[in-house]
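Structure assessment
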Amino acid sequence: MLGRPKLGQLEEDLLQFQNQFLATGTEPAAKVVRKADKRRVESMKDEQVSLDKRDVVTFKDLPPSLTPAPPKKSKSKSAHVKFEDEDSEDRLDHHDRHITAVLSKIIERDTSESSISLPLNLGAPFPKAFHRFEMKTETRPSSARKSIFAQNIAAKKAIERDRSAGVCSSFSNVVPSASDGQVPESESLLTNSKIGFPSEILNKTQLSRIANGLGLDRPSTEQEAVRIHEENMERLRNMSEDEILEEQKKLFAQLDPNLISFLKMSGSAHKSQEKKKPSQKEKQVTFQEGQTISGLDVEPEMQVVMTDKASTASEKQLLHAEEIKEDIEETVQMSECHITVDELPVKPQKEWLHMDVVEYEKIEWMKDLPPPKKKKTRKGMQARFSFSGDLVPPASDLPVHLGLHHHGEEPAEAGYSLQELFHLSRSQFIQQRALSLQTLGNVVQKAKSGELASSLQGSVLKVLLDAGFLFLLRFSLDDTAENIIAAAVHTLKLLLVCPTDEEYLDRTFSWYQGTAAYPFLTNQVEEDDDDDEEDKDKVESEEGKALKESEKPDADVAQTDLIKGLLKMNILKRLRYIVEVARPVPLVTIDILHILIRIARHSSEACSQILHCPWLVESIVTEFLPSTWKPQINSEELLQSLHGIPCSLAMKLFRVMACGGRNTSAILLNKYDLKSKICRFVVQDPEDLHLTQQEAFLLSTEAFRLWAVAAEYGQACTLFNDLYPVLVKILHSLPNTEVQKLVCSTTWQLSQLRITALITLLANVTKTAGCAAALQAALTSDCGGKDHSPLPGVSWSHVVGLQTSMRACLKHFLKEIGSQASWEAVQNVVTVLFVYLGVYYNKLQEQPSYNPVECLQDLEQLDSEVLQPLLRDSAFSSMWEHLRSCSAVCNPNSCCPGPESVSSLVDLSCEGEKPNISLLGSKSPFPFLTAVLYLINNIVTIHKGLTKKFTFVMNFKGLQEYLVHICQSTLHVTHASAWILRHEYHFQYLLLKLAVRMVNSNSYVAQQASLYHTVALTLLSRLLPGSEHLSHDLLSSIVFNQEFVPEGKIGGPEAEDLSSILHLDVIQSSAAPVSAAGMICKPSHGTLLREAYSLLPTIRVCYSIHFAYLHPAAVRSQASYEGQTHLVQAVLLPDWKGTILPADWMFLPLINLYDRVSKVEIKGKAVENLPHNLVDIVTNSLRWVLLVETWRSRVLQDLPVAARVARLMCVFLTGNDLFLEKPVYCFMVTLLSLYCQPKILNELDLEMPLPGLTSFYSLYVKLLEQFDSVSFGDHLFGCFILLPLQRRFSAQLRRAVFGEHVGVLRALGVPLKQFPVPLERYTSPPEDSLELLRLYFKVLVSGTLRLTFCPVLYVVTVAHVNSFIFSQDNVPQDMESARSSMLKKSYLLTDEVLKKHLLYYKLADVESPVGFQMYEELPPIRWKRLESVLGHALQK
């Protein structure tokens, strides 16, 4: 039994059902019978119609095939098409061919007034034959060559026209002259343009254009038409202007708008024809001042719209009127343009056959188009592009030979729109398809460079991708034509690859931790189903995610991530075929390599797919990294093929792939023998490689970089021993370099890239050699069967001599620091030399051969010979002044996403050259200063006696300004900024590490300890994935370090107590809420701060335990930062999905405890697995929050106040009586008093979206339910309930209390004097919600809300009800009725106390026993209001 399709199944499921049905071979339940064609001859009736049994499935998301469909066999099929809006009866009548149907459609013409001419009586049986000699010569026309017969017939017709004209002339006496008399005064009223009847229409001398007499069965139709017209005009003269306007409105309301417009158009055309007859002069019609149109009249209504548009017409009507005016102008010009011989592109000659008379109306199409006019419209116009991708301005007069004019919707406009380019890409002609792809590629290139951003609305890339641009390129790659493939590859490269991104990534490769980069993976927000099981196997979830990804259609995957979409479309196999089989020209091959590099940068999974694509890597290694090749020295020589010639891009591709993981790197080195390729291009000098100079240096540079990445995993280090002489030879040649002669040399610019790559390689080899001793010791001590990393092929003795060569090179290049041009030429080399020395001394103290005495002497020598002269140089001092101007943190716009950034394609927004004053610019001090700080940190770690010699580094004025500014800046991190911010965070981290070592020895650092502590807290919440080790180090060393909280030692707590005593705060300590038990006495603010300061080590332990989930990531990060190459799994950083810690990380323990309780309660279980030290965890968190809010409030400036209040509310929802614990209660009261300060209350916004919350309302409802259950009338809990009920917040929150959870009103007994928020925030402005006012009145009258139950809300409701019932404002009828009814009921209340409060309320006053002041007597205005409502029922 075959299954049936179900709801939710896709096209693939339907195809599967179809295949199963066809496999069974059963006969279908329905058959397709084709109706025979009636037009076929009888001999073809017996012929069987061949039916196509194949089922064709079409997808609407895919563009149609480029090849045209075959023509249909039967033309009669069009007759069977039926539209939805077609009437069946009309359709039957249309096809009815019966004689009755034909006869019923005959309409007899009215011939009653037609003149009938009898045939002439010739007196002969036959007409007389016409002879040529009888024709008069003077009647022969001279302007045209006609036959004799045609001339005779024309003469007869002329005679008949004259005869008929004589008949019509008899009615001429009916029409009097226009000069017989003046127009009456009543008629002048009708000439007003506002009415719409000009004087020509109302003139009695004018015949009617509507009533012309046709169709009348009377002999004198013309006289009857004139009589009807006279009656109409006489009636109009007797009507006033208002009556005419009224009748006109009635007609316009009754008639069809299309009929009205038709009558106006016919009248306008009639007038223009009549006025052109007597004179050929053009008619000038004025639309606005200074704007005229020739040759055509315009209706008065249009004149009103155009001239009076500023006062009466809307913007839409104005645009419509302008468009109508432009169409009229164009129509007039087209109707009056007459071509001449001079305007023809080819002049006709008399000798040409049949060209003695030129018929200009037939060759008018040959003349040039009129110059386009710029349309005056505010609407966005369709963008048109040239073949180079430039935007063609509207109405630009471009020559036709450029090929930008075509037979599209607007043939007069030059350029191609995106829709037209897509249409052209489906052409049958190869050249047209290639041209469209090239043009689209140029448009993409211009758009990504930002050249179109100022002229276009929206994103060009987004429009293209939404239209299926990626599928168009993928289908074009499958074409068989070489030029189509070349155009598609080039366009795809322009779409995916940004050359400047690659340039800057290569430039930062040799910076501190520069080999690592973030994957270009989009942030996918997937809606995962909530699973009840908490413990989920990670492997199974990953497999399920991969399976779910594979089941998605290509379009959905590409919409989320373009690279994933391309990989799902098997683009790698197609590229392999093009490279290996098609063997395209070098430009196409280079574009393919660029595309593969971009795919490899996407993720480790993409690198793995490239690696395992059949024959792809083999083809690239064989064809583009050969060991021998034909010499290519002349750069101007045009290569016919790149196959068989080494290419630096192929080496770069393998380097980027090796960054994806150590396994990928090992496969490339061993299976594909890239070790030999590295040796081949490293050993030989670039000038001897028989390649162009640039390609030779780049190839050698990429070989060093690939080797450096492999050495990052501890791989390929055996090559170091084999090639040691070559490497040392290059190092020894550096001190002999004359930098000043090579400043502007292209060779030096290429050579320094090679040198920096070499030194980076040596630094990674030194890291690996530093780990050899630890690996050997672990292998010796462990005799069990544990798996250990293999020993590297290099030891510390192999690299110990490199430090001397590096120091010599550093001394030589530091001499150029005084010259700006020379320093910029060698700055990158000096930077990487400092990084190497830092790596060397970091690993030195871990070696068994470490000699402390020799090491200290060596460090002192390095300090005196290299570091001290450098640090005291004026050029080095000026670098600190550029920190703020070059910072990406202080200047967020320098790394913001580009105008054409799309979410499905990640780029670094480096399009265009970065300015010199930026983090990536040539004058940026960050890479060099980061390397110097890295070396100094490692030196003072070994030789603590040298710490004082580096203290002046922290005293630079530019550094202090930079630190202050980064604490005040606000960042929005994206892919475009994450990779570059990571390098700046390294500088900040190393600076803080140096401050930790100097805080006890440097008085200036001790004075600025609070600033460094603020920087540390700011940096901790900004660190990105891959820097978990830095986060752990900051938490351990500086964040909870008492030395960096000097307020705890210099009287900070006492100052807070003194501030409270002097009433500098709005909230006094005596006004704090008291526990429901009445036994918890709140300590002072200073006492709690002193307690928090003294327990900072305990707080650090609490947060360290809480952040234990980051331990695996911290271990992986530590391996990279500490140089443990045997533990590094991938150079590629983790996926970027945000910062490591959220901005509210200090509240994180509270949030996690609440989440744990919520998950248990959702399942309906009791909360039993809370930690035994729950009170300690919550108390330590509140201590840290209080300390940060008091002394480091700038750190929380990015976190909204509403989010902080919501986090504190989680304490009440975590446990039933947790908030009643004394330490928790005390800190909660103090924090509430902080958040109730006027400045912070003004910043409180409960309607804004809060991080981590779906809505504040849902949290507040849970809080109400918890209060109703376990509050015991606690005043602190009540204050948090009352806080969101302020008048300026959403009325939904107040309805939740007074409507849905009205029971809480009996327990909200917070005294007025203990409530920390001023009552004015609740009573002003008056409530305007009638629903809430009725609820207020209801709870007051019913006794649910009383002064003894809830004093705060009692005062608030009484104030709002009193303001409402005595309000004098004009309100709608329902509001007025409710107001009168409420006032009447208030007066008739039996509760005299409530009645007095509602009627005599004056002003809220906390000092009053009832919470507000009252009038002794009712004011006169209120008394008058009572009289107007109650009338006789009022009793004084």
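Calculation criteria
- Residues numbered from 1 in each chain as written.
- Predicted model: local features only at pLDDT ≥ 70, side-chain atom pairs only at ≥ 80, totals over all residues.
- Heavy atoms only, no water.
- Helix = DSSP H or I, 4+ residues; strand = E, 2+ residues; numbered from the N terminus.
- Buried < 20%, exposed > 50% of the residue type's maximum accessible area, 1.4 Å probe, protein only.
- Contact = heavy atoms within 4.5 Å.
- Areas by Shrake-Rupley, 256 points an atom, 1.4 Å probe, with all protein chains shown as cover.
- Arc of directions from axis to C-beta.
- Axes fitted to C-alpha atoms, helices over the stretch in contact; angles between N-to-C directions.
- Parallel < 35°, antiparallel > 145°, perpendicular 65-115°, else oblique.
- Nonpolar A, V, L, I, M, F, W, Y, C, P; charged D, E, K, R; others polar.
- Phe/Tyr/Trp six-rings, centres within 6.5 Å; stacked < 30°, edge-to-face > 60°.
- Lys NZ or Arg CZ within 6 Å of the ring centre and 35° of its normal.
- Core = buried A, V, L, I, M, F, W, Y, C linked by side-chain atoms within 4.5 Å.
- Left-handed = near helix turned anticlockwise from the far one by under 90°.
- Polar contact = N/O pair within 3.5 Å; in protein donor to acceptor, adjacent residues only side chain to side chain.

1. Some words on the overall build of the chain
A count of helices and strands for the chain gives 62 helices and four strands. Going through the 1436 residues of the chain one by one, you find that 45% of them count as buried. By sequence separation, contacts in the chain at least 24 residues apart represent 75% of the contacts at least 6 residues apart. About 77,500 Å² of surface is accessible on the chain, with carbon and sulfur atoms providing 54% of the total.

2. Overview of the environment of Thr692
Examined against the element boundaries, Thr692 turns out to sit in the loop between helix 28 (674-683) and helix 29 (693-712). For Thr692, a relative accessible area of 24% gives the class partly exposed. Measuring from C-alpha to C-alpha, the distance between Thr692 and Pro631 comes to 9.2 Å, with 61 residues separating the pair along the chain.

3. Description of the environment of Gln968
Tracing the sequence through the fold places Gln968 in helix 40 (residues 957-968). Relative accessible area serves as the criterion here: at 45%, Gln968 is assigned to the partly exposed category. Taking the C-alpha atoms as reference, Gln968 lies 8.8 Å from Cys890; in sequence the two are 78 residues apart. If near-sequence neighbours (up to four positions away) are discounted, Gln968 is found in contact with Arg1194 and Gln1197.

4. Considering helix 46 (residues 1085-1094)
His1085, Gly1086, Leu1088, Leu1089, Ala1092 and Tyr1093 are the residues of helix 46 that are buried. When helix 46 is viewed along its axis, its buried side chains cluster within an angular range of 160° and face the same direction. Packing partners of the buried residues in helix 46 comprise helix 45 (1052-1061), helix 47 (1096-1106), helix 50 (1174-1191) and helix 52 (1222-1235).

5. Remarks on the packing of helix 58 (residues 1330-1342) against helix 60 (residues 1373-1387)
Where helix 58 meets helix 60, the axes come as close as 11 Å, and the angle between the chain directions of the two elements is 10°. Here helix 60 runs roughly parallel to helix 58, going by the angle between their axes. Across from Leu1330, Leu1333, Arg1334 and Phe1337 in helix 58, the residues of helix 60 making contact are Asp1374, Met1375, Ala1378, Met1382, Lys1385 and Ser1386. A per-class count over the contact of helix 58 with helix 60 returns six nonpolar, one polar and three charged.

6. A look at the packing of aromatic side chains
The tally for this structure, following the rule as stated, stands at 35 aromatic pairs. Geometrically, the ring pair formed by Phe1298 and Tyr1336 is edge-to-face, given 4.8 Å between the ring centres and 70° between the ring planes. Residue Phe1298 is found in helix 56 (residues 1291-1300), and its partner Tyr1336 is found in helix 58; the two are separated by 38 residues along the sequence. Each residue in the set Trp823, Phe834, Phe876, Trp880, Phe926, Phe928, Phe956, Tyr962 and Phe987 is aromatic and connected to the rest through ring pairs, giving one cluster. When the ring centre of Phe509 is taken as reference, the NZ or CZ atom of Arg655 above it lies at 5.2 Å.

7. So, the nonpolar core
Trp707, Phe834, Trp1145 and Trp1184 are the most contacted members of the largest nonpolar core, which totals 366 residues. For this core, the leading source of residues is helix 35 (residues 820-844), giving 15 residues. Excluding anything up to four places from it in sequence, Phe834 contacts Leu810, Leu814, Leu867, Leu870, Phe928, Ala931, Val932 and Leu935.

8. Quick look at the packing of helix 31 (residues 724-733) against helix 32 (residues 746-781)
Look at helix 31 against helix 32: their axes get within 11 Å of each other, and the N-to-C directions meet at 125°. Taken together, helix 31 and helix 32 sit at an angle that is classed as oblique. For the crossing formed where helix 31 meets helix 32, the hand is left-handed. Residues Leu727, Ile730 and Leu731 of helix 31 form the contact with helix 32, whose participating residues are Arg754, Leu758 and Leu762. For the contact of helix 31 with helix 32, the class distribution of residues is five nonpolar, no polar and one charged.

9. Considering the side chain of Asn937
Residue placement: Asn937 occurs in helix 39 (residues 926-942). Under the relative-accessibility criterion, Asn937 is labelled buried at 5%. A distance of 2.8 Å separates the side chain of Asn937 from the side chain of Arg997, its partner in a polar contact. Setting aside anything within four residues of it in sequence, one finds Asn937 in contact with Leu990, Lys993, Leu994 and Arg997.

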